[in-house]
Amino acid sequence: MERRQFLKTSALTAGVLALSNKRAWATSADSRIEIFLDESKGQISPNLYGQFTEHIGGVIYDGVWVGEKSKIRNQFGIRAELIDRLKEIQVPIMRWPGGCFADSYDWKDGIGPVSERPVRTNFWEVDGDAARLHEKGPQIFEPNTFGTNEFLRFCKLAGAEPYLAANLRSLPALSFDHWVEYCNSPAGSTTLAKMRAEAGFPDPFNVKFWGIGNESWGCGGNFAPEEYASEFRRFTTWIPNFGVDLQLIAAGPNGNDIDWTHRFFDQIFTGHAYHNASFTGWSIHHYASNLSRGKTKDWVLGKGDALKFDPVDWYELLRECDRVERIIGDQWAVMGQYDPQHHIKLVVDEYGPWYREGTELDPTHIFGQQVTVRDALATALTLDAFNRNAEKVSVATCAQLVNNINALFLCHEDRFFSTPNFHVFKMYAAHQGGQSLRTEFSAPDVQYDRDGKPASFWGLNGSASRKGNVVTLTAVNPDLTQPSQAQVAIRGAAIARSSGTALANADMHAHNTFENPDAVKTAPLDSSVSGGVLNVSIPPASVIKLEITLS
Ligand code: AHR
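Quick caveat: nothing in here was measured; it's all calculated off a predicted structure. (Residues numbered from 1 in each chain as written. Predicted model: local features only at pLDDT ≥ 70, side-chain atom pairs only at ≥ 80, totals over all residues. Heavy atoms only, no water.)

Draft legend 1. Region of the structure containing the overall build of the protein chain. Within the protein chain one finds 12 helices and 26 strands. In terms of C-alpha radius of gyration, the protein chain reaches 24 Å, essentially the compact-globule figure of 24 Å for 551 residues. Projecting the C-alpha coordinates of the protein chain onto the three principal axes gives extents of approximately 70 × 55 × 45 Å. The buried share of the protein chain, reckoned over its 551 residues, is 59%. (Helix = DSSP H or I, 4+ residues; strand = E, 2+ residues; numbered from the N terminus. Rg over C-alpha atoms; globule rule 2.2 N^0.38 Å. Buried < 20%, exposed > 50% of the residue type's maximum accessible area, 1.4 Å probe, protein only.)

Here you go:
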């Protein structure tokens, strides 16, 4: 339906008439948002706003780690500007060391005196023709300068909870126990606690979140679900907890593979039952990596370009990212068949648009890509989906923090800038810890041409949460050309005032660069209260936030 036809033909009309005694909707509006204060869907875990850092390309070396002796401003070798920005977005949790890297990583290589740490081949050196071997950089040969102590210090400096991924493919379960012991055993207790103290960390790190392998159907061991379930039992049946409320996260499916989930949960919960209250997370990954519109399933050929794209690619990318809500619903339904109380929640620990190579800022940045305003909308609609499913998703970490797939920051040596994704995380931080509220968006779909055939995508969507007497509403207008003239009504309280922020750009390819680091940034967004509703013009191709104070 076209936007201008909307008022005449929408099914919403009936709803508007029904509501007309309570609120007067202005006829100038073409979209409506209703927030129901008395319909909370649970608390939005701050941990939905986490980040992921893996030893790939320029993420750790160049991105996070610059070294103590660097001229680049640093704290204990960690890039200080990154720490500052992470505090701005109130980063709650960070995942490390992978990803696929985790299942080839021996944590013992990364502790002890740095000069004695071994150099190993990085998992991501696996290019078939060994074309990069001459580089000899840390992206190919891992120097282990950045290990457990350095990552946990990084988390502490940024104010984040650590989430470590254990190696299930190539290390025994006892080594995992020892990693927990190294991190969490009391000061002066074990040999590993003494090694930790020698490195300058006498007190335990008290790491709570542990992933048990990663993508165990693929790079993490190529297991069948039953085999992985058996390994998962073995790795998690006895872990020293040292009084820490451990949260164990199992490796979920490839995409939305329901079969993996059924067969894993069947093995865990049926027959010889598994009882472990610490098993609280089921990991899912969702990359928007195929933009071929059904032309190919090839991993490389199916990818789109980060910077060169048409309007159809804009909408298709958003549609691909939007599938995350379907995956959340489908996986939740299967898990509920085995765990009806839903003790185990979803952990979306990798997500984002994944484009073909070519826009990385430096050749060493494997999987590095530019981030446009399109990606900001993709990230925002994903975060909105998490907020709307606050009772189902307990943790989410964006892949990945810096110099990688859906980065918040791009940097090389002494140059650094924030991508549009950083601004989205900064805007959305207001949701952390709020009560997720049922919110209805009514807007005409956006119409576009998909290879000569008409296609459509929703015209407005978002989420709302409440903390005290402030309601935070975030929304995405995907329409490349049309603003959305929206009215916002809050059911259950009157609106006193509101303040708004928008991230928008008239150029769909807009992105930040070293030369122009503020090409995409936020700006204030006007709104006005009249007749009990809030009126706001939501710009085309935008992410917006309204902070609405209730009277
Ligand atoms: O984020 C890059 C890679 O994508 C991760 O290492 C892996 O888990 C996924 O396939």
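Draft legend 2. Structural context of the state of the cysteines. Scanning the entire structure with this criterion turns up one disulfide. The disulfide that involves C100 links it to C219, with 2.2 Å between the sulfurs. Since a negative S-S torsion denotes a left-handed disulfide, the C100-C219 link at about -85 degrees is left-handed. Of this pair, C100 sits in the loop between strand 5 (93-96) and strand 6 (120-121) while C219 sits in the loop between strand 9 (209-212) and helix 7 (225-236), and the two are 119 residues apart along the sequence. Under the relative-accessibility criterion, C100 is labelled buried at 9%. Here C155 is not disulfide-linked; the sulfur of C183 is the nearest cysteine sulfur, at 11 Å. (Disulfide = S-S within 2.5 Å.)

Draft legend 3. Region of interest: the site of the ligand. Not every one of the 14 residues close to the ligand is listed here, only the nearest: E54, C100, E215, Y287 and E350. E350 places a polar side-chain atom, nitrogen or oxygen, 2.7 Å from an oxygen atom of the ligand. When the ligand is considered free in solution it has 280 Å² of accessible area, and contact with the protein chains removes 94% of it. Here the shell around the ligand is built from residues that sort into seven nonpolar, four polar and three charged. (Near = heavy atom within 4 Å. Polar contact = N/O pair within 3.5 Å; in protein donor to acceptor, adjacent residues only side chain to side chain. Areas by Shrake-Rupley, 256 points an atom, 1.4 Å probe, with all protein chains shown as cover. Nonpolar A, V, L, I, M, F, W, Y, C, P; charged D, E, K, R; others polar.)

Draft legend 4. Quick peek at the nonpolar core. Within the largest apolar cluster, 126 residues are counted, with the highest numbers of intra-cluster contacts made by L86, M94, F154, W210, Y228, F264 and F386. Not counting the four nearest positions on each side in its chain, W210 is found in contact with Y163, L164, F176, W179, V180, C183, N184, L246, Q247, L248 and I249. Grouped together as the second largest cluster of nonpolar side chains are 25 residues, L460, I495, L534 and I544 included. (Core = buried A, V, L, I, M, F, W, Y, C linked by side-chain atoms within 4.5 Å. Contact = heavy atoms within 4.5 Å.)

Draft legend 5. Structural context of the side chain of S463. Looking at the secondary structure, you find S463 in strand 19 (residues 461-467). A polar atom in the side chain of S463 sits 3.0 Å from the side chain of N387. Setting aside residues up to four positions removed in sequence, S463 forms contacts with D384, N387, R388, H431, F441, T472, L473 and T474.

Draft legend 6. Focus on the pairing of strand 9. Covered by surrounding structure in strand 9 are F209 and G211 together with W210 and I212, the residues of both alternating faces. The β-α-β motif built from strand 9, the intervening helix 7 and the parallel element strand 10 (residues 247-251) has right-handed crossover chirality. (Right-handed = clockwise from strand over helix to strand, strands pointing away.)

Draft legend 7. Main features of the pattern of salt bridges. Under the criterion given, the structure shown has 26 salt bridges. For the salt bridge of E34 with R491, the shortest nitrogen-to-oxygen distance reads 2.6 Å. Of this pair, E34 sits in strand 1 (residues 31-43) while R491 sits in strand 21 (residues 484-491), and the two are 457 residues apart along the sequence. Here E34 and R491 have matching classes, each one buried. Salt bridges sharing partners connect three or more residues here, namely R293, K295, D313 and D451. (Salt bridge = Lys/Arg side-chain N within 4 Å of Asp/Glu carboxyl O.)

Draft legend 8. A look at the sheet that holds strand 9. Here we have eight strands rolled up into a closed barrel, ordered 2-5-8-9-10-11-12-13, and parallel in their pairing. Ignoring which end each strand starts from, the neighbouring axes of this sheet average 25 degrees apart. As paired strands, strand 2 (residues 50-52) and strand 5 are joined by two bridges and run parallel to one another. Each bridged residue has a counterpart across the sheet, and for Q51 the counterpart in strand 5 is M94. (Pairing = 2+ DSSP bridges. Axes fitted to C-alpha atoms, helices over the stretch in contact; angles between N-to-C directions.)

Draft legend 9. Region of interest: helix 11 (residues 373-388). The end-to-end C-alpha distance of helix 11 is 23 Å, a good match for the 22 Å that 16 residues give at a rise of 1.5 Å each. Most of helix 11 is tucked away, with 16 of its 16 residues classed as buried. (Expected span 1.5 Å × (residues − 1).)

Draft legend 10. View of the packing of aromatic side chains. This structure, assessed with the given rule, holds 40 aromatic pairs. Summarising the aromatic geometry, the rings of F176 and F235 are spaced 6.2 Å apart at their centres and angled 25 degrees between planes, so their arrangement reads as stacked. In this pair, F176 sits in helix 5 (residues 173-184) while F235 sits in helix 7, placing the two residues 59 residues apart along the sequence. On the basis of relative accessibility, which here comes to 3%, the residue F176 falls in the buried class. (Phe/Tyr/Trp six-rings, centres within 6.5 Å; stacked < 30°, edge-to-face > 60°.)

Draft legend 11. The arrangement of the side chain of R388 in detail. Tracing the backbone shows R388 in helix 11. With residues near it in sequence (within four places) discarded, R388 still touches K41, E325, S436, N461, G462 and S463.

Draft legend 12. Molecular detail of the sheet that holds strand 22 (residues 495-504). An order of 23-22-26-20-19-16-1-21-25-24 is seen for the 10 strands of this open sheet, with the pairing classed as mixed. Two strands bound the open sheet, and with one partner strand each, they are strand 23 (522-525) and strand 24 (527-530). On average, each strand axis in the sheet is inclined to that of its neighbour by 25 degrees, with strand direction left out of account. When strand 22 meets strand 26 (residues 542-550), the two strands line up antiparallel, connected through nine bridges. Its bridge partner lying in strand 26, A504 is registered against S542.

Draft legend 13. Expanded view of the packing of helix 5 against helix 6 (residues 191-198). Packing of helix 5 against helix 6 brings their axes to within 8 Å, and their N-to-C directions diverge by 50 degrees. In terms of orientation, helix 5 lies oblique with respect to helix 6. Between helix 5 and helix 6 lies a crossing whose hand is right-handed. Contact residues: helix 5 offers H178, E181, Y182, C183 and N184, while helix 6 offers L192, M195 and R196. Tallied by class, the residues present in the contact of helix 5 with helix 6 amount to four nonpolar, two polar and two charged. (Parallel < 35°, antiparallel > 145°, perpendicular 65-115°, else oblique. Left-handed = near helix turned anticlockwise from the far one by under 90°.)

Draft legend 14. Examining the environment of V334 more closely. Looking at the secondary structure, you find V334 in helix 10 (residues 324-338). Residues V334 and T261, 73 residues apart in the sequence, show an inter-C-alpha distance of 7.0 Å. Every residue in contact with V334, bar those within four places of it in the chain, is listed here: I258, T261 and H262.

Draft legend 15. Broad picture of helix 3 (residues 80-88). Residues of helix 3 that are buried include every one of A80, L82, I83 and L86, and no others. Relative to the axis of helix 3, the buried residues are bounded by an arc of 160 degrees and lie together on one face. Following helix 3 by one or two positions, Q90 adopts a phi angle in the positive range, close to 55 degrees. (Arc of directions from axis to C-beta.)

Interpretation note: all reported values are geometric properties and have no functional meaning in isolation.
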